[in-house]
Structures are given as structure tokens and as C-alpha cells.
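# Residue-level structural notes
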Amino acid sequence: MFRIRPLFGLLVLSVFCLLVAADKNGGSRSDGGDRASETSSASASLSTASASAGNGTSVGNGTAGAQGDKQCLSQLMCITGSVSGSTVTYQLQSITSQTLGWMAIGFGSQMANTPMVIMWPNTDGTMTLSQRQASGLVMPTPVASPTNVATAATSLSTLSGSQPVLAFTIAGSASQVPLIWAFGTTRPSAAADSTLQQHLSSGTLTLDLTKTLSSVNGTTSSSSSSTNTPLLPYEKMIIAHAVVATFGFLFLLPGGVLLARYTRTISPKWYTGHWVIQAALAGPTVVAGIILGFKATDQAGISFTTKHQNVGIALLVLYFVQCFLGAFIHFVKIPFRFKRPPQNYGHAILGLTILALALYQVRLGYKQEWPNITGRTLSNGVNIVWIVWTVLLAVLYFGGLAYLPRQWRQERGSEDPRREYQMSSYEDSQEENLKLNRRPS
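About the cut-offs
Residues numbered from 1 in each chain as written. Predicted model: local features only at pLDDT ≥ 70, side-chain atom pairs only at ≥ 80, totals over all residues. Heavy atoms only, no water. Axes fitted to C-alpha atoms, helices over the stretch in contact; angles between N-to-C directions. Helix = DSSP H or I, 4+ residues; strand = E, 2+ residues; numbered from the N terminus. Parallel < 35°, antiparallel > 145°, perpendicular 65-115°, else oblique. Left-handed = near helix turned anticlockwise from the far one by under 90°. Contact = heavy atoms within 4.5 Å. Nonpolar A, V, L, I, M, F, W, Y, C, P; charged D, E, K, R; others polar. Phe/Tyr/Trp six-rings, centres within 6.5 Å; stacked < 30°, edge-to-face > 60°. Buried < 20%, exposed > 50% of the residue type's maximum accessible area, 1.4 Å probe, protein only. Pairing = 2+ DSSP bridges. Disulfide = S-S within 2.5 Å. Arc of directions from axis to C-beta. Expected span 1.5 Å × (residues − 1). Salt bridge = Lys/Arg side-chain N within 4 Å of Asp/Glu carboxyl O. Core = buried A, V, L, I, M, F, W, Y, C linked by side-chain atoms within 4.5 Å. pLDDT = per-residue confidence, 0-100. Patch = residues over 30% accessible without salt bridge, like charges linked within 9 Å, V, L, I, M, F, W, Y side chains within 5 Å. Areas by Shrake-Rupley, 256 points an atom, 1.4 Å probe, with all protein chains shown as cover.

## Notes on the packing of helix 3 (residues 270-300) against helix 4 (residues 307-331)
- Packing of helix 3 against helix 4 leaves a shortest axis separation of 11 Å and a crossing angle of 160 degrees. Classed by the angle they form, the pair helix 3 and helix 4 counts as roughly antiparallel. In the packing of helix 3 onto helix 4, the handedness of the crossing is left-handed. Side by side, helix 3 and helix 4 meet where Tyr271, Gln278, Ala279, Ala282, Gly283, Val286, Val287, Ile290, Phe294 and Thr297 of the first sit next to Gln309, Gly312, Ile313, Leu316, Tyr319, Phe320, Gly326 and His330 of the second.
- Across the contact of helix 3 with helix 4, the residue classes tally to eleven nonpolar, seven polar and no charged.

Below you can see the structure in the form of C-alpha cells.
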């Protein structure tokens with residue numbers, strides 16, 4: 001048992017590192033915290049406007065000293081907003097080598113019920129503007145009568161070249177504007193109600209239109225950088241889900257496995273510690289973590305099933321199957337011709353499968369699920385912690401296989417083949433010795 005304590009300490013440190021990285025980098029993209037109130041009703045307008053190749057100004061153009069802000073996102077697109085009286089001009093510029101399909105911004109802090117303006121260039125030299133809205137993480141659909149109508153700005157758009165610019169104007173003022181954004185690589189047809197293929201990347205930000213634009217050619221942004229904003233309630237719920245589930249699947253379950261691997265040949269009490277960790281502690285923890293995940297998806301308005309969710313459900317099912325199999329092996333004694341029955345091998349293989357799948361699930365969560373749902377990114381430190389922990393678990397487990405010869409010798413010393421069902425012939429032999437010592441001489 002004393003050999004396992006350093007492992008538990010390192011596990012706690014790993015979970016702590018994940019928490020710190022999430023809090024530190026969760027604001028790597030800026031969001032607005034609360035949904036924009038000025039666009040509280042569903043809004044969408046449909047329009048197609050011509051824009052000649054080479055016509056218009058580059059993104060960020062305007063009068064020096066004008067109020068506005070600019071941010072570039074994920075090396076895919078830049079968004080510039082500039083204020084002129086009661087009108088705000090937004091320019092969306094593709095800055096990536098990826099093929100431009102469509103670009104979009106929405107006036108709010110999450111996809112559900114946020115009015116969006118989606119634009120794309122057409123092969124005939126025109127561009128399409130479509131105002132849409134979605135009930136959750138689904139394809140937004142057009143709304144014919146928006147509260148705030150967006151108008152395509154052909155004179156400020158550039159459809160030619162490697163970094164096209166799509167611009168529009170909408171009613172607004174000098175204020176902090178929370179936005180969502182998305183970039184797609186599949187170009188829809190010219191119709192404003194065309195089907196949209198899922199975006200390549202998306203996220204949130206806040207444009208501070210009270211700032212002063214410091215450039216007239218778009219090479220620089222506003223006079224100060226955007227500030228990080230607090231986590232939204234559903235994002236906090238996602239973090240709680242990640243911490244609890246990671247603690248259960250990557251701390252408690254491996255701890256129970258390693259406890260059995262290292263102590264089954266040296267202590268008759270190994271099985272008690274094994275089942276307490278795997279069932280009494282890990283069970284409630286992993287169930288609570290998955291429940292938090294479902295609550296987070298409800299708060300985020302997710303209406304479709306992701307790979308991360310499917311793997312999570314599979315892990316939960318496999319966990320209960322493993323618990324049942326372990327109890328069956330321990331309590332049901334069926335004699336077999338061979339010393340080690342097949343269900344014992346199945347129990348070991350299924351346990352390792354669950355651990356491998358749990359490691360994959362955690363990586364899937366922070367590499368895909370978190371950025372896809374929130375638009376936030378985590379530092380590479382989280383990935384480094386995951387790699388180190390994965391390697392450490394493998395080294396510790398396979399290092400524990402050095403105890404196998406001793407285990408096999410103990411099992412061969414058992415006269416009753418059914419003793420293997422007791423999970424340790426050493427435990428049986430100890431109990432048998434106690435019985436013999438109690439008999440009168």
C-alpha cells in the first residue's frame with residue numbers, strides 16, 4: 001500500500017493542473033458573458049448583393065481615430081466593427097489558406113437563440129447575406145423578419161484575392177458587443193436559405209466598439225487588446241463534469257487496478273481495498289461526472305449527440321459490466337479443468353480496455369468537445385499532462401507484472417483449483433493456516 005501513495009499524489013496533481021489550465025486558458029477567446037439584449041427576438045434577413053472583384057476597401061478601413069475594434073480568430077478570419085453614428089459596419093475577412101465557404105457572426109454569447117449574420121461569396125461575383133437563428137447546436141435557419149436588419153455593404157467588400165472581405169451594416173452603437181463566430185469551408189448555393197455544411201471552427205469573442213481604431217489599412221487592431229471574460233454557467237458545468245469524471249476514470253479506477261496488481265501477493269486484504277475503490281468510490285464518482293455532462297449539454301442547448309457523449313455512455317455501461325463480472329468471479333464458485341477460469345482473463349482484459357477508453361475519452365473531451373462547444377482552447381500543458389499520465393500508468397501497470405511469477409507460484413501451491421475464484425490463492429492459504437492453527441493438537 002505504501003508504494004501506491006506517491007501515485008495517488010501525482011494523480012491529484014494532474015487533476016489540479018487540468019483545472020488551472022482550464023481556468024487560465026478558458027478565456028483565450030473572449031465572450032460576452034450574457035446574451036446581447038438588443039437582439040432578443042429571432043432575426044434573419046435574406047439578401048444577395050453584387051460586389052465586383054477588386055472593389056471595396058480592405059478590412060479595418062476607415063477614418064483614423066474612428067471608434068471600433070478588430071480581432072483575428074484561430075488564424076481563420078478577422079472581424080472588424082466600426083461605428084458611424086447609429087450604425088455599425090462589420091467586415092469579415094478570410095485570412096487562411098483554407099477554402100472560404102462561408103463566414104458568420106452572431107449577436108450573443110452562445111449559439112442557441114442568438115441572431116446571426118451569415119455571408120458567403122458566389123461564383124457569379126455576388127455575395128449572399130442570410131440572417132438566421134438556431135434553437136441549439138444545429139444548423140441555423142433563416143428568419144424572414146429580423147428585429148435588426150443587416151444590409152450587405154458591397155462597397156466595403158472584396159471578393160477577389162486570397163483574403164476576401166464580406167461586409168454588412170446593422171444598427172448599433174459604441175459599446176461592448178458579445179459575438180459568436182464560425183468559419184465554414186463548403187460554399188452553399190447562392191440562395192439565402194441554402195443548406196449550410198458544419199463549420200470548420202467556431203467560438204466567441206467580445207468587440208469593444210468604444211475603443212479607437214489605430215489603423216486605416218487593417219494591419220493592426222484597436223488600441224488595446226480584448227479582455228478575458230468570466231466563464232458562462234454551462235462552461236462551468238462542463239469543467240465540473242470534466243474534473244469529476246477525470247477523477248473517477250483516471251484516478252480512482254487506475255488506483256484500484258494498481259492496488260490489486262501490486263498487493264495481491266503480499267497482503268490477504270488486497271481484495272477489500274480493490275472493491276472499495278472500484279465500486280464504493282469510483283462508482284458514485286463516475287456516475288456523478290456523467291450526470292454533470294448531461295446537465296452541461298442541456299444548459300448549452302446541444303441537441304445532437306457527439307462522439308464524446310457516445311464514448312461516455314459506452315464507458316458507463318462497460319464499468320457496470322466489469323463490476324458485475326468481478327462480483328461473479330468472487331462469489332460464484334464453478335470448478336474448471338484449468339487453474340484460471342476464462343472469466344478471470346475477461347475481467348483483466350475488460351479492465352484494461354476501460355482504462356484505455358477512458359484515456360481516449362478525456363483527450364476527446366479537451367481536444368474536441370470543449371473547443372467545439374465553447375470556442376475556448378486549452379494550453380498545450382493540458383495535453384502534456386495527459387501524455388505524461390498515460391505513459392506513467394502504462395509503466396506502473398506493466399511494471400507490476402513483475403509480481404506475476406510470485407502470484408503463479410502461490411496459485412500452484414493451492415490444492416483446490418476453485419481457489420482461483422477467490423482472486424488470490426495467497427489469501428486462501430492464509431485463511432487455511434489460521435483454521436489449522438485453531439484445531440486442537
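## Focus on the packing of aromatic side chains
- According to the stated counting rule, one finds seven aromatic pairs in the structure shown.
- Ring centres of Phe247 and Phe251 lie 4.6 Å apart, and the angle between their planes is 25 degrees; this geometry places the pair in the stacked category. With Phe247 and Phe251 both in helix 2 (residues 233-263) and four residues apart, this pair spans about one turn of that helix.
- Each residue in the set Tyr90, Phe107 and Phe168 is aromatic and connected to the rest through ring pairs, giving one cluster.

## A word on the environment of Gly255
- Relative to the helices and strands, Gly255 is located in helix 2.
- Taking the C-alpha atoms as reference points, Gly255 and His274, 19 residues apart in sequence, are found 8.6 Å from one another.

## Remarks on the pairing of strand 11 (residues 176-184)
- Most of strand 11 is tucked away: eight of the nine residues are buried.
- Direction of pairing for strand 5 (residues 102-107) relative to strand 11: antiparallel, over a ladder of six bridges. Paired with Gly106 across the strands is Ile180, a residue of strand 11.
- Direction of pairing for strand 11 relative to strand 12 (residues 201-208): antiparallel, over a ladder of eight bridges. Its bridge partner lying in strand 12, Trp181 is registered against Gly203.

## Looking at the state of the cysteines
- With the rule as written, the count across this model stands at one disulfide.
- Between Cys72 and Cys78 runs a disulfide, and the two sulfur atoms are separated by 1.9 Å. Between Cys72 and Cys78 the sulfur-sulfur dihedral comes to about 100 degrees; the bridge is accordingly right-handed.
- The exposure class of Cys72 is partly exposed, given its relative accessible area of 46%.
- By relative accessible area, Cys78 is classed as buried at 3%.

## Some remarks on helix 7 (residues 404-412)
- Turning to helix 7, its buried residues number three or more, namely Leu404, Gln407, Gln410 and Glu411. Axial view of helix 7: buried residues confined to an arc of 120 degrees, hence all on one face. In helix 7, the exposed positions that point more than 90 degrees away from the buried face belong to Arg409 and Arg412.

## What to know about helix 4
- A rise of 1.5 Å per residue sets the reference length of helix 4, with its 25 residues, at 36 Å; its end C-alpha atoms lie 36 Å apart and thus fit the reference within 8%.
- Every buried residue belonging to helix 4 is among His308, Gln309, Val311, Gly312, Leu315, Tyr319, Gln322, Leu325, Gly326, Ile329 and His330, and all of these are buried.

## Section: the pattern of salt bridges
- Taken as a whole, this structure holds one salt bridge when the rule is applied.
- The salt bridge involving Asp69 is made with Lys211; its shortest N-O contact spans 3.8 Å. Within this pair, whereas Asp69 is found in strand 2 (residues 68-73), its partner Lys211 is found in the loop between strand 12 and helix 2, the two being separated by 142 residues in sequence. Pair check on accessibility: Asp69 and Lys211 agree, each one buried.

## Thoughts on the nonpolar core
- Phe249, Leu250, Leu253, Leu315 and Leu359 are the most contacted members of the largest nonpolar core, which has 30 residues in total.
- If you list the elements that add at least two residues to this core, you get helix 2, helix 3, helix 4, helix 5 (342-374) and helix 6 (380-400).
- Among the elements that make up this core, the one with the highest residue count is helix 2 (ten residues).
- Within the second largest apolar cluster, 29 residues are counted, among which are Val117, Met119, Ile170 and Leu209.

## What about the confidence of the model for the protein chain?
- Across the protein chain, the average pLDDT comes to 78, with 72% of residues at or above 70.
- Residue range residues 415-430 is modelled with pLDDT below 50. Its contacts to residues more than four positions away, or to other chains, number 45 contacts.

## Concerning the sheet that holds strand 9 (residues 151-152)
- The sheet built from five strands is open, its strands ordered 2-3-4-10-9 with antiparallel pairing. On the outer flanks of this sheet lie strand 2 and strand 9, each paired with one strand and no other.

## Description of a nonpolar patch on the surface
- Among the surface-exposed residues, Phe294, Ile313, Val317 and Val321 lie close enough to one another that they form a single nonpolar patch of about 340 Å² accessible area.
- Of the residues forming the nonpolar patch, the biggest block, three residues, is contributed by helix 4.
- Here Val317 lies in helix 4.
- Judged by its relative accessible area of 49%, Val317 is partly exposed.

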